[in-house]
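# Report on the structure
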Amino acid sequence: MPDDVTLRLDHATAEDLYATLYQVGEHIAASAAITAPTTDQAERIGHLLQDLGHRLGRACSPYCNHLS
Ligand SMILES: [Zn+2]
């Protein structure tokens, strides 16, 4: 379908995405605390958000590595 967005995730990034969405859901539902990600987790989620933003056609930050 032309409107589909496809992302391919490595296992670690998929685990990070799951954990992040789960924690946000629990936070919204029950005000559960959200734990800070490790540096590696934050880096993987950052790359995922950048990739997803590109595929959605969002404007990049002026520091986006695809512009350099
Ligand atoms: Zn970009």
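Please refer to the structure higher up on the page.
Just so it is clear, the structure is predicted and the values come from calculations on it, not from any experiment. (Residues numbered from 1 in each chain as written. Predicted model: local features only at pLDDT ≥ 70, side-chain atom pairs only at ≥ 80, totals over all residues.)

## A look at the overall build of the chain
Helix and strand counts for the chain stand at two helices and zero strands. What you see for the chain is a C-alpha radius of gyration of 14 Å, clearly larger than the 11 Å of a compact globule of 68 residues, by over 25%. C-alpha extents for the chain along the principal axes are approximately 40 × 30 × 25 Å. Across the 68 residues of the chain, 3% fall into the buried class. (Helix = DSSP H or I, 4+ residues; strand = E, 2+ residues; numbered from the N terminus. Rg over C-alpha atoms; globule rule 2.2 N^0.38 Å. Buried ≥ 20, exposed ≤ 12 C-beta atoms within 10 Å, placed from the backbone.)

## What about unusual backbone geometry?
A positive phi angle, close to 55°, is found at S31, a residue other than glycine. Mapping S31 onto the fold places it in the loop between α1 (11-30) and α2 (39-56).

## Digging into the environment of Q50
In this structure, Q50 sits in helix α2. Judged by the 16 C-beta atoms lying within 10 Å of it, Q50 is partly exposed. Separated by 16 residues in sequence, Q50 and I34 place their C-alpha atoms 22 Å apart.

## Re α1
End to end, α1 covers 28 Å across 20 residues, agreeing with the expected 28 Å (1.5 Å per residue, within 8%). Of all 20 residues that make up α1, one are buried, and the element is exposed over most of its length. One or two residues past the end of α1 sits S31, with phi positive at roughly 55°. (Expected span 1.5 Å × (residues − 1).)

## Describing the environment of R55
Examined against the element boundaries, R55 turns out to sit in helix α2. Once the C-alpha coordinates of R55 and A42 are considered, the two residues, 13 residues apart in sequence, prove to be 20 Å apart. Apart from residues lying up to four places away in sequence, R55 is in contact with V5 and L7. (Contact = placed C-beta atoms within 7 Å.)

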